[in-house]
Amino acid sequence: MSDAAASAVAPATAAKAGGSAPAPASAGKLDYLVNQLEDLKAKGLYTNIRTLDSAQGAWLEIEGRRVLNFCSNNYLGLANDPELVQAAKEAMDRYGVGPGAVRTIAGTLRIHKELERRLADFKGVDDTIVLQSGFTANAGAIPALVGPGDAIISDALNHASIIDGVRLAGKADRYVYEHCAMDSLEEQLKAASGKGYRAMLIITDGVFSMDGDIAPLDKIAELAERYGAITMVDDAHGEGVIGRGGRGAVDHFGLHGVFDIEVGTMSKAFGVMGGYVAAKQPIVDWLRQRARPFLFSSALTVPDTAACLKAVDILERSTERVDRLWDNAAYFQDRMRDLGFDLGVTQTPISPVILGDEQLAQAFSRRLFEEGVFGTAIAFPTVPLGRARIRVMISAAHSEADLEVGIAAFVKVGRELGVIG
Ligand code: PMP
């Protein structure tokens, strides 16, 4: 039992042991949570969070051990890049640390404006609005753009932050299409289009983070055009990974000016933190007036903003890191498939090693850690029941020798647990 869970039940237990004072009526009020936590553990669905004593990089120091990092979204190795660290320090010397308050009240730092301009140029769009994270970008943008009298048409496997954004746009009608299935999307568009909505918004992830497949944005754009729908893509795992020099999914499909809205995060390939919406001018202007995380939550901090700016510099300067990421991914995935591992349908450096059973995935992850490899088990509700996996995140920071260390550990544990022959 965790410390928090133990202290939550402590009063009831103490009162019983003493036998004198009756237990307060509130004593058992958190028991339902304690029971739910126990239930998660019994089903192998409880997530243990490791504590790191080093920066995010190809190798980590965890619990006194040096382990290979197969878990982070630090695709380009920028999370501990000295240039980003230096840029953050210099910006703090000038602007301090915190933004003071929300931008509409306390004013906006010049570096926030610079970041928005640089991101717009990088993405090839009219403008961008920077928010605190990719999560808040989705949760803020969707309810600002659609509401009563509108329709949202969403891929069944969209990210949780899209799902929450859709929930927050509660009065808009919702339609869900089967994952990446264009006949299903068209059915939903047909069903919606007769109803006289003010706006119809199609939303999809660009790269699906659990399987690594890419949404067919070209076909989605065609259907959207036919039915007059607005298009929105969450490019969290496409940014810095696909498209020319990592310009993302819209660039990958050559759909500049066609796809209406791109949501990005700077917590993955950019190596920092922060989210943004890149779009046509009226959309960004409207979000500056109405996106609630922009209006009611303080801005990105100074070091985050400066480090993000440096990440844009690095991406614009050369494609070297993106190229290395793809070389590493091809190397790892080819070797793993040859060895008999199931990597599903990935088209990107996301490399899910699908194991199926939740308990098996947990055991696999534990054994990998003992072998010096940090690969977290991902299970329900993040992926469907029976599709548990170790999701290996390949990075440009890995060397070929690093990847070999990881592969050797997978082979050893895979044979031991009967996953491969
Ligand atoms: N969208 C997708 C598809 C993601 O995978 C994530 C991160 N897990 C987010 C949005 C949220 O990004 P952030 O970490 O910047 O909040």
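Residues numbered from 1 in each chain as written. Predicted model: local features only at pLDDT ≥ 70, side-chain atom pairs only at ≥ 80, totals over all residues.

Draft legend 1. Quick look at the nonpolar core. By size, the foremost hydrophobic cluster in this structure holds 122 residues, and its most contacted members are Ile 153, Leu 201, Val 277 and Ala 311. Residue contributions to this core reach at least three from each of two domains, namely domain 1 (44-75 + 319-416) and domain 2 (83-317). Aside from chain neighbours lying at most four places away, what touches Ile 153 is Tyr 175, Tyr 177, Leu 185, Gln 188, Leu 189, Ala 192, Met 200, Leu 201, Ile 202 and Ala 229. (Core = buried A, V, L, I, M, F, W, Y, C linked by C-beta atoms within 7 Å. Buried ≥ 20, exposed ≤ 12 C-beta atoms within 10 Å, placed from the backbone. Domains from an automatic or database assignment. Contact = placed C-beta atoms within 7 Å.)

Draft legend 2. Layout of the site of the ligand. In the vicinity of the ligand lie 13 residues, with Ser 133, Gly 134, Phe 135, Ala 236 and Thr 265 positioned nearest. In terms of residue class, the shell around the ligand is built from two nonpolar, nine polar and two charged. (Near = placed C-beta within 6 Å. Nonpolar A, V, L, I, M, F, W, Y, C, P; charged D, E, K, R; others polar.)

Draft legend 3. A look at the pairing of strand S3 (residues 127-131). With five of its five residues buried, S3 lies for the most part within the structure. Side chains Asp 127, Ile 129 and Leu 131 project from S3 onto one buried face, and the interleaved Thr 128 and Val 130 project onto a second face that is buried too. As paired elements, S3 and strand S9 (residues 275-279) share five bridges and run antiparallel to each other. Bridged to Asp 127 within S9 is Ala 279. (Helix = DSSP H or I, 4+ residues; strand = E, 2+ residues; numbered from the N terminus. Pairing = 2+ DSSP bridges.)

Draft legend 4. View of unusual backbone geometry. In this structure, the amide linkage connecting Phe 380 to the following residue, Pro 381, adopts the cis form with an omega of 10°. Within the chain, Glu 63 stands out as a residue other than glycine whose phi angle is a positive 50°. Secondary-structure assignment places Glu 63 in the loop between strand S1 (59-62) and strand S2 (65-69). Residue Glu 63 is classed as exposed on the basis of its 10 C-beta neighbours within 10 Å. The phi torsion at Cys 180 lies on the positive side, around 60°, for a residue other than glycine. Within the secondary structure, Cys 180 sits in the loop between strand S5 (173-177) and helix H8 (182-193).

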